[in-house]
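# Descriptive structure summary
Listed below, chain by chain, are the residues.
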Amino acid sequence: MPQKRTVIGVDLPNIPWEDRPAGSSDPVWRYSKNPVIPRDAIPTSNSIFNSAVIPFNHKFTGVFRCDDKCRRMNLHRGESDDGLNWRISPEPIVFKGADPEIAAYNYGRYDPRVCLLEDCYYLTWCNGYAGYPTIGLAYTYDFEEFLQLENAFLPFNRNGVLFPRKIRGKYAMLSRPSDMGHTPFGDIFYSESPDLLHWGRHRLVMRPAGGWQSTKIGAGPVPIETTEGWLLIYHGVLTSCNGYVYSMGAALLDLDEPWKVRYRTAPYLLSPQKDYECVGDVPNVVFPCAALCDTATGRLAIYYGAADTVTALAFAYVDELIAFTKENSLC
C-alpha cells in the first residue's frame, strides 16, 4: 500500500474508501455501491450530479447541482458525516452581495467546484449572465452565508477551477472557453488574478487529443499539489455516432508554471461503462468535479457525475495515479 508523502496538504483519514477489487489492476476503481447520491435525494430534484465536496469541521460538506422538476439548474448545500450518506438542503443557496446586474441570472447555476484557499472557501460554477454562460465566483466561511463576487470572465466559459494556493503571488484558475450551446470544441486555459476580480495573463494549458478526448476537454476537481507537480483530473469528450461520450483522465502540470503540461494520460482512467453512467438524462457521461485526498496514505476519493443524473464515487492512490500518468503519457 503506498505510504510516500507525495501529496502536499493535510491528513484526512476519514475520507470514504474501498479497496481495489480483487483481480483488478486499474489505477481508478468504482465504489461498489454507486451511485452514492441518487437523483431523488430531495423531493424537488429531477437529478443531482456534477457536484463539489470538501472536508469541513471534521466532516464533509458540499455544493450540489440539483436540477428540479421544472428542469431549472441550481446549487444546493449538503453535509455528511462520512462522505457517503448525504443530507442535501431542499432549498437552493441564496447568494448575497452580488451586483444586481449579475444576480438576476436567467440561465441557471450548475457544475460547481469548491476550493479552500487561504482561510476561505471559494465556490466557482457555470453562471448565467443575460442568458450567456460564464464563470460565477463566490466565497463562504461557514457554508451558511455565500457572498457572490463578479463573474470571473466574459461569456462564454465553463469549468472554472481555482488552484488551492497563489502561484507566484497571484490567484490562479483553469477554465474552458466555449460557446452558447453544447460546445463541440474546447481547450483548457490558465488565468491569473491579483484580487479575484481582475483576470488576465491567459495561457493555453492543453488541447483535445485523439480518441476519448478528441472533441473537447475540461478541468475537473481542484488541482492536487504533489511533489511531482499539480495533479489535474479532467474530463475528455469524443463524438461518437451516438453523441458525446465523457470520460476521465489525468495530467501533471508544472508547479510554478501550471500552463506547462509535463505528463498526460493517453488512455482514459474511467469511461461510461456501468448502467448508471450509460443510462440517464444525458447518456454516456463520467464527469469528475471533486476529489478528497488523504496526505498520509495517498488515498483519493473522486466524486463524479454519471449520465447527468446521479453522483458516483471512485477511488485511487495518488502515487499509483502519478506513475500511471507518467508511464502512459501523450507528452
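Preceding block: the structure.
Criteria and cut-off values
Residues numbered from 1 in each chain as written. Predicted model: local features only at pLDDT ≥ 70, side-chain atom pairs only at ≥ 80, totals over all residues. Heavy atoms only, no water. Helix = DSSP H or I, 4+ residues; strand = E, 2+ residues; numbered from the N terminus. Rg over C-alpha atoms; globule rule 2.2 N^0.38 Å. Buried < 20%, exposed > 50% of the residue type's maximum accessible area, 1.4 Å probe, protein only. Contact = heavy atoms within 4.5 Å. Areas by Shrake-Rupley, 256 points an atom, 1.4 Å probe, with all protein chains shown as cover. Lys, Arg positive; Asp, Glu negative; His and termini not counted. Charge placed at Lys NZ, Arg CZ, Asp CG, Glu CD. Pairing = 2+ DSSP bridges. Axes fitted to C-alpha atoms, helices over the stretch in contact; angles between N-to-C directions. Phe/Tyr/Trp six-rings, centres within 6.5 Å; stacked < 30°, edge-to-face > 60°. Polar contact = N/O pair within 3.5 Å; in protein donor to acceptor, adjacent residues only side chain to side chain. Salt bridge = Lys/Arg side-chain N within 4 Å of Asp/Glu carboxyl O.

## Quick word on the overall build of the chain
A count of helices and strands for the chain gives three helices and 22 strands. The globule rule puts the C-alpha radius of gyration for 331 residues at 20 Å, and the 18 Å found for the chain is close to it. With the C-alpha coordinates of the chain rotated into their principal frame, the extents come out at 55 × 45 × 45 Å. Counting the 331 residues in the chain, one finds 57% classified as buried. Contacts spanning at least 24 positions in sequence make up 54% of the contacts within the chain whose residues lie at least 6 apart. When the accessible surface of the chain is totalled, it reaches about 13300 Å², and 51% of it is carbon and sulfur. Taken as two groups, the 32 positive and 37 negative side-chain charges of the chain have centres that lie 4 Å from each other.

## A look at the pairing of strand β15 (residues 216–219)
Burial along β15 is two-sided: the residues K216 and G218 and I217 and A219 are all buried. As paired strands, β15 and strand β17 (residues 229–240) are joined by four bridges and run antiparallel to one another. In the sheet register, A219 faces β17, and the bridge partner there is Y234.

## Quick look at the sheet that holds strand β12 (residues 171–177)
The strand order β11-β12-β13-β14 describes an open sheet built from four strands, whose pairing is antiparallel. Sheet topology places β11 (157–162) and β14 (200–206) at the edges, where each strand pairs with a single neighbour. Neighbour-to-neighbour, the strand axes of the sheet open up by a mean angle of 30°, direction not taken into account. Bridge analysis of strand β13 (residues 188–193) against β14 gives four bridges, and the strand direction is antiparallel. Pairing of E192 across the sheet is with G200, part of β14.

## Brief notes about the packing of aromatic side chains
Given two aromatic rings, their pairing is described by the distance between the two centres and the angle made by the two planes. The tally for this structure, following the rule as stated, stands at 23 aromatic pairs. Taken together, a centroid distance of 6.1 Å and an interplanar angle of 75° make the contact between F143 and F146 edge-to-face. In terms of burial, F143 and F146 fall into one category: buried. Grouping aromatic residues by their ring pairs yields a cluster made of F56, F95, Y121, W125, F143 and F146.

## Details of the sheet that holds strand β10 (residues 146–148)
In spatial order, the strands read β6-β10-β9-β8-β7; together these five strands make up an open sheet with mixed pairing. Two strands lie at the open edges of the sheet, namely β6 (95–96) and β7 (109–117), each paired on one side alone. Both strand β8 (residues 120–129) and strand β9 (residues 132–140) contribute to a ladder of nine bridges, which runs antiparallel. What sits directly across from G128, in β9, is P133.

## Here's the deal with the pairing of strand β3 (residues 59–68)
Side-chain direction in a regular strand flips from residue to residue, so the side chains alternate between the two faces of the sheet. Among the ten residues that make up β3, nine are buried, leaving the element largely enclosed by the rest of the structure. Where strand β2 (residues 45–56) meets β3, nine bridges bridge the pair, whose relative direction is antiparallel. Bridge assignment links S45 to a residue of β3, and that residue is D68. Between β2 and β3, which follow one another and run antiparallel, lie two residues, and N57 among them has a positive phi close to 55°. Across eight bridges, β3 lies against strand β4 (residues 73–80) in antiparallel orientation. Across the sheet, residue R65 finds its bridge partner in β4, namely L75. Where β3 folds back on β4, the antiparallel hairpin that results is connected by four residues, among which R71 adopts a positive phi of roughly 70°.

## Brief notes about the side chain of R65
When you line up the elements, R65 lands in strand β3. Of note is the side chain of R65, whose polar atom sits 2.9 Å from the side chain of D111. The contacts of R65, once residues within four sequence positions are left out, are S47, I48, F49, N50, S51, M73, N74, L75, Y110, D111 and P112.

## A look at the pattern of salt bridges
If you walk through the whole model with that rule in mind, you get 21 salt bridges. Across the salt bridge formed by D281 and R71, the nearest N and O atoms sit 3.3 Å from each other. Linking D281 in the loop between α2 (275–278) and β20 (286–293) with R71 in the loop between β3 and β4, this pair joins segments that are 210 residues apart in sequence. Judged by relative accessible area, R71 falls into the partly exposed class, the value being 46%. Note that R77 is salt-bridged to E144, the shortest N-O span being 4.0 Å. Placement of R77 in strand β4 and of E144 in the loop between β9 and β10 is noted, with a sequence separation of 67 residues between them. In this structure, a network of salt bridges that share partners links the residues K59, R77, E79, D81, R87 and E144.

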